[in-house]
Amino acid sequence: MALQAVDTGYGFIGLGAMGKNAVRNLLAQGQRVVVYNRTHERVDEMVREGAAGAYSVEELVSLLAHPRIVWLMVAAGTPVDEMIFGPGGLAEHLSPGDVIIDGGNSFYRDSMRRAEALAARHIHFLDCGSSGGLEGARNGMCLMVGGTPEAFALAEPLFHLLATEGGYAHVGPSGAGHFVKMVHNGIEYGMLEAIGEGFELLQAGPFDLDLAQVADLWTHGSVIRSWLVELAARAFARDPRLTSITGQVGGGATGSWAIEEGWKAGVPMLAIAASYALRLRSRQPDTFAGKVVAALRYEFGGHETVPSGEAPAPSCPSEPGA
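Residues numbered from 1 in each chain as written. Predicted model: local features only at pLDDT ≥ 70, side-chain atom pairs only at ≥ 80, totals over all residues. Heavy atoms only, no water.

1. Quick word on the overall build of the protein chain
Under the convention used in this document: In DSSP terms, a helix is any run of H or I states spanning at least four residues, a strand is any run of E spanning at least two, and both are numbered starting from the N terminus. A simple rule labels every residue: compare its accessible area, found with a 1.4 Å probe on the protein chains alone, to the largest value its type can have, and call it buried under 20%, exposed over 50%, or partly exposed in between. Here a residue-residue contact requires only that any non-hydrogen atoms of the pair lie within 4.5 Å. All tallies of charge rest on Lys and Arg as positive and Asp and Glu as negative; His and the ends of each chain are not included. For charged residues, the charge sits on one atom: NZ in Lys, CZ in Arg, CG in Asp, CD in Glu.
Within the protein chain one finds 14 helices and 8 strands. The principal-axis extent of the C-alpha atoms belonging to the protein chain is close to 75 × 40 × 35 Å. Residues counted as buried form 39% of the 322 residues belonging to the protein chain. In the protein chain, the proportion of contacts linking residues at least 24 apart, taken out of those at least 6 apart, comes to 63%. Across the protein chain, the 23 positively charged side chains and the 35 negatively charged ones have centroids separated by 2 Å.

2. Notes on unusual backbone geometry
Across the junction of H66 and P67, the peptide omega takes the value 0°, indicating a cis bond. Structurally, P67 is set in the loop between helix 3 (57-62) and strand 4 (69-72). Even without being a glycine, H122 presents a positive backbone phi close to 65°. Residue position: H122 is located in the loop between helix 6 (108-119) and strand 6 (124-131). On the accessibility criterion, H122 (55% relative accessible area) is exposed. With a phi close to 50°, L242 is a non-glycine residue in the positive phi region. With respect to the secondary-structure elements, L242 resides in the loop between helix 11 (227-238) and helix 12 (254-264). Judged by relative accessible area, L242 falls into the partly exposed class, the value being 31%.

3. Focus on a nonpolar patch on the surface
Where we set the bar: Patches draw on residues past 30% relative accessible area with no salt bridge. Two like charges within 9 Å are joined, as are two nonpolar side chains (Val, Leu, Ile, Met, Phe, Trp, Tyr) within 5 Å. Only the protein chains shown count as cover for residues, and all accessible areas are computed by the Shrake-Rupley method using a 1.4 Å probe. Here a salt bridge means any side-chain nitrogen of Lys or Arg lying within 4 Å of a carboxyl oxygen belonging to Asp or Glu.
On the surface, V171, F179, V180, V183, I187 and M191 cluster together to form a nonpolar patch covering roughly 440 Å² of accessible area. Examining the composition of the nonpolar patch, we find that 5 residues originate from one element, helix 9 (residues 176-204), more than from any other. The topology assignment puts I187 in helix 9. Its relative accessible area of 44% is what places I187 among the partly exposed residues.

4. A word on the nonpolar core
Our working rule: In these notes, a set of buried Ala, Val, Leu, Ile, Met, Phe, Trp, Tyr and Cys residues joined through side-chain atoms within 4.5 Å is what counts as a nonpolar core.
Among the nonpolar cores identified, the biggest contains 31 residues, and F12, V23, V35, W71, I101, L143 and F159 are the most heavily contacted of them. With 7 residues, the top contributor of residues to this core is helix 8 (residues 149-162). When residues no more than four places from it in sequence are discounted, the contact partners of W71 are G11, F12, I13, I101, G103, C128, S130, M141, L143, L158, F159 and L162. Of all hydrophobic cores here, the second largest spans 22 residues; its members include A54, V70, A91 and A115.

5. Description of the environment of L64
Summarising the element assignment, L64 is placed in the loop between helix 3 and strand 4. In sequence terms L64 and G89 are 25 residues apart; their C-alpha atoms lie 15 Å from each other.

6. Re the packing of aromatic side chains
Quick note on the threshold: The rule is short: rings of Phe, Tyr and Trp, with Trp giving its six-membered ring, pair when the centres are within 6.5 Å, and they are stacked under 30 degrees, edge-to-face over 60, tilted in between. By definition, being over a ring means that NZ of Lys or CZ of Arg is both within 6 Å of the ring centre and within 35 degrees of the ring normal.
According to the stated counting rule, one finds 11 aromatic pairs in the structure shown. When the ring of Y108 is compared with that of F179, the centres are 4.9 Å apart and the planes differ by 80°; the resulting orientation is edge-to-face. Of this pair, Y108 sits in helix 6 while F179 sits in helix 9, and the two are 71 residues apart along the sequence. Counting every residue linked through ring pairs, the aromatic cluster contains F12, W71, F152, F159 and Y168. Note that R279 overlies the ring of Y189, its terminal NZ or CZ placed 3.7 Å from the centroid.

7. A word on the sheet that holds strand 3 (residues 52-53)
Threshold: Here the rule is simple: two strands pair whenever DSSP picks up at least two bridges between them. To get an axis, fit a line to the C-alpha atoms, keeping to the stretch in contact for a helix; angles then go from 0 to 180 degrees between the N-to-C directions.
What the 8 strands build is an open sheet, ordered 3-2-1-4-5-6-7-8; its pairing is mixed. The two strands at the open ends of the sheet, each matched to only one other strand, are strand 3 and strand 8 (163-172). Two strands pair when backbone bridges link them, and strand 1 (residues 10-13) and strand 4 are joined in this way by 3 bridges, in the parallel orientation. Across the sheet, F12 pairs through a bridge with W71, a residue of strand 4. Contacts between helix 8 and the sheet are confined to strand 1, strand 4, strand 5 (99-102), strand 6, strand 7 (141-146) and strand 8, with strand 8 contributing the most and set at about 160° to the helix.

8. Here we look at the side chain of D98
This is how it is decided: Here a polar contact means two N or O atoms within 3.5 Å. Within protein one must be a hydrogen donor candidate and the other an acceptor candidate, and residues neighboring in sequence count only if both atoms are side-chain atoms.
Here D98 lies in the loop between helix 5 (90-93) and strand 5. Overall, the relative accessible area of 0% leaves D98 in the buried class. Only 2.7 Å separates the side chain of D98 from the side chain of H66, close enough to count as a polar contact.

What follows is the structure, encoded as structure tokens:
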């Protein structure tokens, strides 16, 4: 039997790209959504699209009926604590039995701490790892939820609305949702790096390949077919040699958290650690470590160095003794 969503509305705090698309998803399904963002222009934008606007946390809470369900989609770390426990925050205005859902990429141990602190106030807390990108937020995400069964049962109609078919699960107690999402993101780092390296070899190889064609081909029946390869096909169709962008790779801290937790647990995390290291390297046009290696190669083997400010020499096979 289909789950019935409450008609008293859901609260939504954080109207970045993911947050706005999730709200649009709910509005398209006829849900009443009360939104708040510290930048009021974003609230105004969503009001024009049909949401109910609140211009303080207190106002948002006042516009919802008990038990209130409030979804946070804000940056991990201090912003989450401020929104929950800071002056004028949710903990100050919610009532026993209400539910806070952290749908961002918080560190799972922070989620465990927040759940414990809120439990002392008899306020439920669910940590929800959210995957699927902007398209998922708009059309159906994959949601990994941690918390008590009681809190999950209260919020399940919302998860049912926001997730793709079969795309949500209660994975364990408080912290488990964000732990699963942390590992998910670590795997994502490794997959992205593998795809990037493969296409770099295709681009550098002896054939003038149509990379968009190859990527699209690989989405039809190949062992590596995936949404990420579909996205590669889309990117190459738009910019065949990606000349409009640099190779600097951004991203959050979830990959480094996964690596550290893996090492603590005795799991090597070799591929994920290497992909994360290369992501950091991509942000550095030059490094002192590289200078040291170049200098040492010159000292022991007379290998050529590139003066500062000149383009690097093309790579060549290793020489004897290198």
